[in-house]
Amino acid sequence: MASLSLALRVATTCPRQSPARGLGLRLLTSTAGPTTEKNVPYQRTLKETEGPSAVARGPSHPLPSSADVVVIGGGSLGCQTLYHLSKLGVSGAVLLERERLTSGTTWHTAGLLWQLRPSDVEVELLAHTRRVVSQQLEEETGLHTGWIQNGGLFIASNRQRLDEYKRLMSLGKAYGVESHVLSPAETKALYPLLNVEDLYGTLYVPHDGTMDPAGTCTTLTRAATARGAQVIENCPVTGIQVRTDDFGVRRVAAVETEHGTIQTPCVVNCAGVWASTVGRMAGVRVPLVAMHHAYVVTERIEGIQNMPNVRDHDASVYLRLQGDALSVGGYETNPIFWDEVSDEFAFGLFDLDWDVFTQHMEGAINRVPVLEKTGVKSTVCGPESFTPDHKPLMGEAPELRGFFLGCGFNSAGMMLGGGCGQELAHWVVHGRPEKDMHAYDIRRFHHSLTDHHRWVRERSHESYAKNYSVVFPHDEPLAGRGMRREPLSGELLAQGCVFQERHGWERPGWFSPQGPAPVLSYDYYGAYGNQAHQDHTYARLLQEEYTFDFPPHQPLIRKECLACRGAAAVFNMSYFGKFYLLGLDAKKAADWLFSADVSRPPGSTVYTCMLNHRGGVESDLTVSRLAPGTQASPLSPTFEGDGYYLAVGGAVAQHNWSHISTVLQDQRFRCQLVDSSEDLGMISIQGPASRAILQEVLDTDLSGEAFPFSTHKLTRAAGHLVRAMRLSFVGELGWELHIPREACVPVYRAVMAAGAKHGLVNAGYRAIDSLSIEKGYRHWHADLRPDDSPLEAGLAFTCKLKSPVPFLGREALEKQRATGLRRRLVCFTVEEKVPMFGLEAIWRNGQVVGHTRRADFGFAIDKTIAYGYICDPSGRPVSLDFVKSGDYALERMGVTYAAQAHLKSPFDPDNKRVKGIY
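Here is what the cut-offs are and how they apply
The residue numbers shown here count from 1 along each chain, following its written sequence. Where local features are concerned, this predicted model is filtered to residues with pLDDT of at least 70; where side-chain atom pairs are given and counted, the filter is 80 or more; whole-chain, interface and lining totals use all residues. Computation of side-chain values covers all heavy atoms of the structure but excludes hydrogens and water. Side-chain atoms within 4.5 Å are what join buried Ala, Val, Leu, Ile, Met, Phe, Trp, Tyr and Cys residues into a set we call a nonpolar core. Exposed residues in this analysis have more than 50% of their type's maximum accessible area, buried residues have under 20%, and partly exposed residues fall in between, with area computed by a 1.4 Å probe over protein chains only. Here a strand is any run of E in DSSP of at least two residues, a helix any run of H or I of at least four, and the numbering for each starts at the N terminus. The contact criterion used throughout is that any non-hydrogen atoms of two residues lie within 4.5 Å. This arc describes the spread of directions from the helix axis toward the C-beta atoms. Two strands are said to pair when DSSP picks up at least two bridges between them. Lines fitted to C-alpha atoms define the axes here, with helix axes fitted over just the stretch in contact, and angles between the N-to-C directions of these axes take values from 0 to 180 degrees. For a helix, the expected span equals 1.5 Å multiplied by the residue count minus one. Residues are called lining when one of their atoms sits within 4 Å of a cavity or pocket point, these points coming from a 1 Å grid over the protein atoms alone, where a cavity is a set in which a 1.4 Å probe fits but cannot get out and a pocket is an open set with protein on both sides within 12 Å along at least five of seven lines. Grid points are joined across faces, edges and corners, and a volume is the space filled by probe spheres set on the points. When residues are sorted by character, Ala, Val, Leu, Ile, Met, Phe, Trp, Tyr, Cys and Pro go into the nonpolar class, Asp, Glu, Lys and Arg into the charged class, and all the rest, Gly among them, into the polar class.

Peer 1: Explain the nonpolar core to me, please; I cannot follow it from the model alone.
Peer 2: Among soluble globular proteins, nonpolar side chains are generally buried collectively. Of all hydrophobic cores here, the largest spans 176 residues; its most connected members are Phe403 and Phe571. With 8 residues, the top contributor of residues to this core is helix 10 (residues 413–430). Discounting residues that sit within four places of it in the chain, phenylalanine 403 has contacts with Ile240, Val252, Val267, Asn269, Val278, Gly279, Ala282, Val284, Gly395, Glu396 and Ala397. Core analysis: the second largest hydrophobic core is formed by 31 residues, Leu488, Ala689, Phe707 and Met752 among them.

Peer 1: Looking at this model, I keep getting lost on helix 8 (residues 275–282). Mind explaining?
Peer 2: Spacing of three or four residues puts side chains on the same side of an α-helix, whose turn is 3.6 residues. Inspection of helix 8 places Ala275, Ser276, Val278, Gly279 and Ala282 among the buried residues, and these make up the whole buried set. Down the axis of helix 8, the smallest arc covering the buried residues is 160°, so these residues share one side. Of the surrounding elements, those touching the buried residues of helix 8 are strand 1 (69–72), strand 9 (237–244), strand 10 (250–257), strand 12 (267–269) and strand 19 (403–407).

Peer 1: How do you make sense of the sheet that holds strand 33 (residues 760–763) when you look at a structure like this?
Peer 2: For sheets, the rule is that strands pair by backbone hydrogen bonds, running either parallel or antiparallel. If you trace the 6 strands from one edge of the open sheet to the other, you get 30-31-32-29-23-33, paired in mixed fashion. The open sheet has two edge strands with one neighbour each: strand 30 (712–717) and strand 33. Between one strand axis and the next, the sheet turns through 30° on average, direction left out of account. Sheet topology places strand 31 (residues 720–725) next to strand 32 (residues 734–740); 3 bridges connect them, and they run antiparallel. In the strand pairing of strand 32, arginine 723 is matched with histidine 738.

Peer 1: Would you mind going over the sheet that holds strand 22 (residues 505–511) with me for this structure?
Peer 2: Read from one edge of the open sheet, 3 strands run 20-22-21, paired in mixed fashion. Edge strands, defined here as strands with exactly one partner in the open sheet, are strand 20 (484–485) and strand 21 (497–502).

Peer 1: Please clarify how helix 7 (residues 213–226) should be interpreted in this entry.
Peer 2: Its 14 residues give helix 7 an end-to-end C-alpha distance of 20 Å, which sits within 8% of 20 Å, the value for a rise of 1.5 Å per residue. With 10 of 14 residues buried, helix 7 lies mostly within the body of the structure. Along helix 7, the residues that are buried comprise Pro213, Ala214, Gly215, Thr216, Cys217, Thr219, Leu220, Thr221, Ala223 and Ala224. Glycine 228 lies just past helix 7 and shows a positive phi near 110°.

Peer 1: What should I look at first to understand empty space enclosed by the protein in this one?
Peer 2: It is a probe the size of a water molecule, rolled over the atoms, that shows where empty space is left. Scanning the model with the defined rule gives 3 cavities of 30 Å³ or more in all. Approximately 110 Å³ is the volume found for the largest cavity. Lining the largest cavity are 15 residues, and of these His446, Arg484, Gly650, Ala653 and Gln654 lie nearest its centre. If you list the elements that add at least two residues to the lining of the largest cavity, you get strand 24 (577–583) and helix 17 (653–667). Per-element accounting of the lining of the largest cavity gives the leading share, 3 residues, to helix 17. Its residues placed into classes, the lining of the largest cavity shows 6 nonpolar, 6 polar and 3 charged. As a volume, the second largest cavity reaches approximately 80 Å³. Forming the boundary of the second largest cavity are His292, His293, Ala294, Glu332, Pro335, Ile336, Asp351, Leu352, Asp353, Val356, Phe357 and Cys381. Those elements that provide at least two residues to the lining of the second largest cavity are strand 13 (289–298) and helix 9 (354–367). When its residues are assigned to classes, the lining of the second largest cavity shows 7 nonpolar, 2 polar and 3 charged.

Peer 1: Sorry if this is basic, but what is going on with the pairing of strand 10 here?
Peer 2: Pairing analysis gives 7 bridges linking strand 9 to strand 10, with the strands arranged antiparallel. Among the inter-strand pairings, threonine 244 is bridged to a residue of strand 10, identified as arginine 250. Taken together, strand 9 and the strand that follows it, strand 10, pair antiparallel across an intervening segment of 5 residues, in which glycine 248 is found at a positive phi of about 80°. What sits between strand 10 and strand 11 (residues 260–263) in their antiparallel hairpin is a turn of 2 residues.

See the structure below:
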């Protein structure tokens, strides 16, 4: 039997035989069909049948004529979703599997479960999966799922990796996840076969483990069918019937199969690699790609029994305990794409490409040297689905009501399945998940990206290749860039702008004095015959930001921030979403959608939230009441009834659009939602000198009496019509200028010319992050999420609870106010000059009471600032006295730092500066 070392020598000495050599991306593609003649760990699953052709045709059970929900796909997510639907009382749920359960990609998964990830939501999802497979299912069915708790060990062979693990350990304390940072000697004592000579340390999580795919899915479906659900195997889906309602909205009507049609209002696409095919049946875009993903199983290794599973991220390899052997796999920079996804695939595998797999063997042998003389018992190379941001695709598709996604799990479907299955079931039944699933919500992607082949392919490749990379606070992608450019991007690039990417948009991050730093075309990190960029200024600047210390460009960010506080800064915010809500029912819609009272005279602008029925914040935005226009233009549309102009953060614009559209459809309001994001640019001038600068540019009186805070006007700037709004997102006197796209450059140049003598500087979003946290302004998806209420977040002033006007989420807020807040968002400052980025544990009187959501350095107050939600360990409501009476500390990488809690912003708590009082 070949050993790993022999395979390694063969792979590195034999020349590659490929007719596609030198043809670039053609080397990515595999058109070879899967094979089934493999010796794999799941012998019983394969030996049940000789292959797909031997399966008896016809469904395993008769099809019902109708169903409340139809789940398509019998893998981990399909079975978990069915199980959780049944637990929510949905007895009329049907799961359709074209072959047999787990036959797609689930059956060959490694089944690892690691409890700690650099995301608080994912830690919660993983915890639920663990509860389901290790406890709940066995209690419900009496069957063992195959769960094995042997622990997990993360390997750190450099200082930054160990810092990342220490961050995970601190976050874990907020969720009760036991973990320990071990020295090399302690690691050797725990795992004697491990080479620790090159280690800085490890992170040991004793309650991690592995799951058996077949056992877990069988037990899930047994529990679901006991509650009335149905599982029908050997029943391929051939079509999705769609109807259009009286308001022109497309809705799911039925699922067609080879053996009949099931009438249903709801479909959940859990088809994994085949999810794109199912999506096309319904006219839904599913942005994922299929790739080969492989591991090998070794022969028996003496002394390996009961050892923890290992992830050596720096070597991009994992070592999973497989009885008395190991499974060895990882993520490479040159994965093979499976472009011709076969509908006939079932319980199949690909031949392993040893050239691709070689890098994993090198890392594995270095970490466990005994592998050099250990035989290879089997190879497992199957397809997995991967997405542009390495996050799953979940939620209701914006193109089709009643069509939900639960796919694209990036080889993590088993370990995320329980948590995601539960949230997906809540989404279907209650209209939204219980937790903040925005990072997984299909609506996070702009519609221009979801079917853009190059973008999906490039971003999915980079996400795969960087899966084991350290997650740094200021990382940016290099793939799929330049998809959506702001009108001023050329101007700003010439002035040294270092751009950030947010869902296709290029937005200013910060400004470098070294000159232009363009993002070059994606080089696939030198894979597939591409030449890796050798002189890439942007990539070099990005590399310098890879730290958990204060980043080296911190002085430049400081300069931008202090210029804004002391003189003025101009921020290019053209990537913001800019929508119009117009029509006969626009006022009714606005009253229902927005938590604040926006029924004010034309010319007013209101900061408000949009809530869900649970009282959670779906968005924060500004809403400006419009006067009817006589000539249609991007700045002043014509309309009957009422009109509102909405400005929302660009990174969440698609989410906002989908939320508003869904509410309008559900409530049947007669109004239009018009997207003018591409037609309008936006710059914001903030700081004590902003009035003096803009008074030279705008044809209107900017005095406090003539132009009060929270108002807007149509005026001219440098001869061009603009909409000026007196607003601030950094706590300074300032205005936003909303400008027709073609006028952005001349207006910007006029502002910069007028500001030259006042010290006006360009500033980016890194400065916005610092300035806004210093002032205590909230950021959606950090301080505010769909599972946070405005009362908990200190935004009660945005809610019209004193008025009798009903709005979405009002009942939930009233109930919460009556019973008391179980948590509150609190501001903390740390005197010691220490960098923090969020996810630090919050200690109160010696107990962990939460974790920070967001942290940054405030340059005007010269302190680290953090915001996080705290709770009372006793379970009682969190009163203001509880907040004020505690002694606090924030834990960063295992070290605690004394912190002071604040009930008001530590900077300008009386809000004088936004009023122009300096």
